[in-house]
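Understanding the architecture of this molecule
One letter stands for each residue in the lines below.
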Amino acid sequence: MKPRCLFIFLSLFLTLGSFAQKTPATIQGLVLDENERPLQGVSVNMLGQQKIFITNDSGRFTIQVPSDRAIAILFSNPGYRTVQQNFLLNADEQEHITIRMEIAGSVMEEVIVREQRERTETGLIRINPKSVINIPSPTMGVESMLKVFVGSNNELTSQYNVRGGSYDENLIYVNDFEIFRPYLVRSGQQEGLSFINPEMVRNINFYNGGFQAKYGDKMSSVLDIQYNRPRRFGGSAYVSILEQGFHLEGAGNNNRFSYVLGLRNRSNRNLLSRQETQGSYTPSSSDFQALINYQLNAKWSAELLGNVSRTKFTLIPEFSQLTSSIFSPFFTANLGVDIWFEGREKDAYSTGMIGLSTTYQPLKNLKLKWLASRFENNEEENIDIAGAYLFGNRDFDNSSASYGVIVNPLGAGLSQTFARNRLNIINYNFSHKGSLDRSNHSLQWGLGYDRTNISDQLNEWEYQDSAGYSLPYNPALFEMSKVIKSKADIQVNRFSGYIQDNIIINSDSSTYTVSAGLRFNYNDLNNELLFSPRIAASIKPAWKKDIVLRAAAGAYHQPPFYRELRRYDGTVNTSVKAQKSWQGVLGLDYNFYGFNRPLRLSAEAYYKSMTNVVPYDIDNVRVRYFGENMAKAYATGLEMRLFGELVKDAESWISIGFMRTREDLENDFFRTYTLDSMNKPVDSALVQNGWLRRPTDRFLTFGMFFQDYLSTNKNFKVYINTLYGSNLPYNIPGNIKYRNALRIEPYLRIDIGFSALLLDAEKMNRRSHSPFRNFDNIWLSLEVFNLIDRPNTISYLLIKDFANNIFTMPNRLTPRLVNLKLVARW
C-alpha cells in the first residue's frame, strides 16, 4: 500500500504545484460605440465558458483569464455586431484594450449609403481622405487626387486647372480659412509642400463649378478642407525617398480639448536628378501645422489653426541636351541643342498663417461663427545664369563615332538671365458666418473684411546673342532682349458678404432641393461693386431607377488680386476690373449595379460665358497676364465619372472630360502680305485673329484611380493612377498672328504602387512588452512613377538658326523613378 499512497501523494503535489504556477492574467478595457461613447451592459465572456461579465456605466470591464494558452473573448450587445478578440498572455500579465462596436445592419442586400449632398449639390466631388496617401504620385497630397478628376499636364506641381480656368481661379479653404499660394514660382521643380497636410484631413469637398453663394469670388473651383477633431490619442508617421511626415492627435479626458499636430519635410533631389538639365539641385521644403480645439462650455467653442512653412530651391546648372525630331513628306531631321551653363539660381518662399475662430450655438438650430486670420507670404528669386548653345542636326547612328553629337550646326549663341525679385503679401481677414435651420429651410449668411498689403519689387533682364549679334539687333545701340524694372506697394480693402437659403421639399413621389443666394464684393483698389446671384436645384423623381437630376446657374465674378495687375513689361495697372463669368450646369447622378457591385455614374454639362477677361500665357507653371481687360471668352464641356468598388472593399473611379475653351482679344490685328515671284510684297491686308484657343484648351482628359488586392490575401494591394490629356496650345511671346499656335503633345502618365501590410490592427495578439504594442498598422509601399517612361513636354525653348528661323525644343518632365514608402499609424 505504501507505494500506492506515495504515488497518489506525488500526483496531488505535482498537480497543486502546477496550479500554483499557472497564475491567471488580467484583461481590462473600455467598450465604445461608433461615436466614441461608452457602452454599458455589454456581455464579455471567454469562448467555451458560461460565466459572463458586464461592462459598467462607464463601459469598462475587468476579467481574469488563464495564462500561457490561446483564448478568445467575445463582446456582444443587442443591436451591435459581435466582436471577437484573441489573446495569448503570460502569468500576471495585464492587458489594457479598447473595443469599438459597430451597429448591426441588414445583410439581405449590399447597399452603399452616401450622404445625399454629394448627389444633389452641383459640381460636388467628395474624396475619401484615406485614399490620398495611397495614390502613387510624385507630389503626395490632396491635389494629386484631384488631378484624376480635372486632369493635369505637370506632375511636379500641386496646382491644377478646372474647366478651362487658370491656376488663379481656384479657391482653397481649410476649416473656413482661405489659403493662398506662392506667386513667383516659375516651374514645378521650385515648388515645395502644399499647404494641406493629408494626414490631418477629415473631410474633402471639391466643387468644380456651380458652387453656392457662400463660397468666394473665383471663377472655377472650390476646395473645402476640414481637419480632424480627434476624440482619442493617435498619430502616424511616414518615410519615403521624397517626403517624410509625422503627426500626432489627441483629446482631453472630457473631450473638451483636442489637438492635431503635423510636421513634414520634402526634397525633390532624387526626382530632379534625372532632368535633362544636369547640375546640382538642392530643393527642400518643410512645414509645421497645428489645429487646437477647445469647448469652453455647452454653447461656446474656440479653434486655433497655425502654419509655418519654408521652401528653398538652389540650382547650379552645368549642361543640357535637348532633342526633337521633325518628320514630313519633304523634310526629316533630328534636331538638337547643347547648352553649357554658368551661374546659379537661388529661390526662397516662406509662409506663415494664424487663424482663430469662435463658435456660439445658443440654440440647437442656430449657429454663429467669428473668424480672424493673418496670412503672410515672403518670396525671393535670385537668378544669374549664362548659357552658350550650339544648335543643329544630331547624329543618331549608334554605329558612328559622332553618335549623339551635333554634326551640322544651324545656330549658335549666348544667353544670360538675371533676376532679383522680391514679393511680400500680408492678408488680414475678419469675418462672420451664421446658419439658422427652420423646418425645411437652412438659412446661411456671412460678412467679411480683408486688408491686403502687397510689396513687390521686380528686377529682371535677359540678354540674347545669336551668331555674334545681340537680339534685338541694333547696330547703333546695345539692347537687352527683355528688361523689367518695377516697384509697387499696394493696399487693398475688400468687403464681401452673402446670404442664401437651402430648401428641401419632400412630396409623395419626389424630393426637391433648392439653393438660392446672393453674393456681393467691393474693393477700393478700383472702387468696383459686384453682385453675384446664384441658384441651384435638384430633383429625385419617383422612378424605378435611382436617378437625381440637378442644375445650377449664376454669376461668378473674380476681382483682380495680384498677378492680374502685372503687365508683361512689369508695370502695374490698378484700374483692372473684375473678370466676369455667367455659368450654367446641367447634371445627373445615377446609382446602379454593374459587375455585381453597386456603382455610381455622375455626369455634368456646363457652359461659361466670360467678359472683361484678362488674357494670359502659361510657361511651365508661371502665369503671365496682359494686365488689361481686353478679351471675351467661353468654355463648354461634358464631364462623366464612374465611382464604385470594382473589387470588393477597394473603391476606384474613372473620369472622362471633353472641353473647348476659346478667347477673342481686342485689337489683335496683323497684316498678311501678297508676294510676287521674287518674294517681294505687292499688297497687304489687315486681319483680326478672332476666336483662338486659350492656354488651357484641352479637348479630352482621362483619369483613373484603381485599387486591387490579392484574392487570397487583402494585405497585399496595388494602386494604379493613370492620367491622359490631349494636346495644349503654347504661345510664341509677342507674336499676334501665331498666338497659341504651337502644340504641346498629349500628356500620358501611369504611376503604380504596391503595398504590403507588415503589421495589422490586431493589437490583442501582441505581448505587452512588444515595441509595436500600440501600433494600429504598418504598411510598406513600392511606387513606380511614370511606369511607361514617357517624356512628357511642359514647355518649349525657342531657338533661332543662322537664317533667323525659329525652332522649338521641348522641355521635358520627369522620367521613370522608383520610390519606397513606409507608413505607420497608432
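Residues numbered from 1 in each chain as written. Predicted model: local features only at pLDDT ≥ 70, side-chain atom pairs only at ≥ 80, totals over all residues. Heavy atoms only, no water.

Here we take up the pairing of strand β32 (residues 650-665). The buried fraction of β32 is high, at twelve of 16 residues. With 15 bridges joining them, strand β31 (residues 631-647) and β32 adopt antiparallel strand pairing. Bridging from a neighbouring strand, A631 pairs with L665 of β32. The turn linking β31 back onto β32 is made up of two residues, and D649 within it adopts a positive phi angle of 65 degrees. Here β32 pairs with strand β36 (residues 700-710) via six bridges, running antiparallel. In the sheet register, F658 faces β36, and the bridge partner there is L700. Note that β32 and strand β35 (residues 691-693) share three bridges and pair antiparallel. Residue pairing in the sheet places R662 in a bridge with R693 of β35. (Buried < 20%, exposed > 50% of the residue type's maximum accessible area, 1.4 Å probe, protein only. Helix = DSSP H or I, 4+ residues; strand = E, 2+ residues; numbered from the N terminus. Pairing = 2+ DSSP bridges.)

What follows concerns the environment of S496. Examined against the element boundaries, S496 turns out to sit in strand β23 (residues 482-506). Considering only alpha carbons, one finds S496 and F520, 24 residues apart in sequence, at a separation of 5.5 Å. Apart from the residues lying within four places of it in its own chain, the contact partners of S496 are D217, G446, L447, G448, R519, F520 and N521. (Contact = heavy atoms within 4.5 Å.)

A cluster of basic residues, R202, R229, R231 and K367, forms a positive patch on the protein surface. For R231, the position within the fold is in the loop between β12 (221-227) and β13 (234-240). (Patch = residues over 30% accessible without salt bridge, like charges linked within 9 Å, V, L, I, M, F, W, Y side chains within 5 Å. Areas by Shrake-Rupley, 256 points an atom, 1.4 Å probe, with all protein chains shown as cover. Salt bridge = Lys/Arg side-chain N within 4 Å of Asp/Glu carboxyl O. Lys, Arg positive; Asp, Glu negative; His and termini not counted. Charge placed at Lys NZ, Arg CZ, Asp CG, Glu CD.)

To continue, consider the sheet that holds strand β5 (residues 70-76). Here four strands make up an open sheet; going across it, the order is β3-β2-β5-β6 and the pairing antiparallel. The open sheet is flanked by β3 (53-54) and β6 (83-88), the only strands paired with a single partner. Taken together, the six bridges between β5 and β6 define a ladder with antiparallel strand orientation. From the neighbouring strand, A72 faces β6, where its bridge partner is N86.

The next point concerns the packing of aromatic side chains. Applying the stated rule across the entire model yields 27 aromatic pairs. Between F61 and F75, the aromatic rings sit 5.5 Å apart at their centres with planes inclined by 65 degrees, giving edge-to-face as the arrangement. With F61 in strand β4 (residues 60-65) and F75 in strand β5, this residue pair connects regions lying 14 residues apart in the sequence. Per residue, the accessibility class of F61 equals that of F75, and both read buried. Here Y207 and Y215 contribute two aromatic rings whose centre-to-centre distance is 5.2 Å and whose plane-to-plane angle is 50 degrees, an arrangement assigned as tilted. With relative accessibility at 0%, the residue Y207 sits in the buried group. (Phe/Tyr/Trp six-rings, centres within 6.5 Å; stacked < 30°, edge-to-face > 60°.)

This part is about the nonpolar core. In terms of nonpolar packing, the biggest core is built from 58 residues, with V142, I196, L223, I225 and Y227 touching the most fellow members. Per-element accounting of this core gives the leading share, six residues, to helix α3 (residues 142-150). Those residues within four positions of V142 in sequence are excluded, and the remaining contacts are V132, I196, V201, I204, L223 and I225. Of all hydrophobic cores here, the second largest spans 19 residues; its members include F61, V65, I97 and I99. (Core = buried A, V, L, I, M, F, W, Y, C linked by side-chain atoms within 4.5 Å.)

Now for the environment of L477. By secondary structure assignment, the location of L477 is in the loop between β22 (469-471) and β23. Considering only alpha carbons, one finds L477 and Y724, 247 residues apart in sequence, at a separation of 49 Å.

Turning next to empty space enclosed by the protein. Applying the stated criterion to the full structure yields eleven cavities of 30 Å³ or more. One number sums up the size of the largest cavity: a volume of about 770 Å³. As for the largest cavity, its lining consists of 45 residues, of which L171, Y173, E178, F180 and R494 are closest to the centre. Elements that contribute at least two residues to the lining of the largest cavity include exactly β9 (170-174), β10 (177-178), β19 (366-394), β20 (406-438), β21 (441-466), β23 and β24 (511-523). Of the volumes computed, that of the second largest cavity is approximately 420 Å³. Around the second largest cavity, the lining comprises 36 residues; the ones closest to its centre are V150, N161, T696, R698 and L728. At the level of elements, α3, β29 (616-619), β32, β36 and β38 (728-730) are the ones that each hand at least two residues to the lining of the second largest cavity. Residue composition of the lining of the second largest cavity, grouped by class: 17 nonpolar, 14 polar and five charged. (1 Å grid on protein atoms, 1.4 Å probe; cavity = no way out; pocket = protein on both sides within 12 Å on 5 of 7 lines; lining within 4 Å. Points joined across faces, edges and corners; volume = space filled by probe spheres on them. Nonpolar A, V, L, I, M, F, W, Y, C, P; charged D, E, K, R; others polar.)

On average, residues of the protein chain carry a pLDDT of 86, and 93% of them reach 70 or more. No element of the protein chain has a lower mean pLDDT than helix α1 (residues 2-21), at 43, and none a higher one than strand β25 (residues 528-540), at 95. Across residues 1-21, where pLDDT falls below 50, the model places zero contacts with residues more than four positions away in sequence or in other chains. Segment residues 105-115 is flagged for pLDDT under 50; beyond a separation of four residues in sequence, or across chains, it makes eleven contacts in the model. (pLDDT = per-residue confidence, 0-100.)

This part takes up the side chain of N786. For N786, the location among the structural elements is in the loop between β41 (777-785) and β42 (793-800). Those residues within four positions of N786 in sequence are excluded, and the remaining contacts are R749, I750, D751, T814, P815 and R816.

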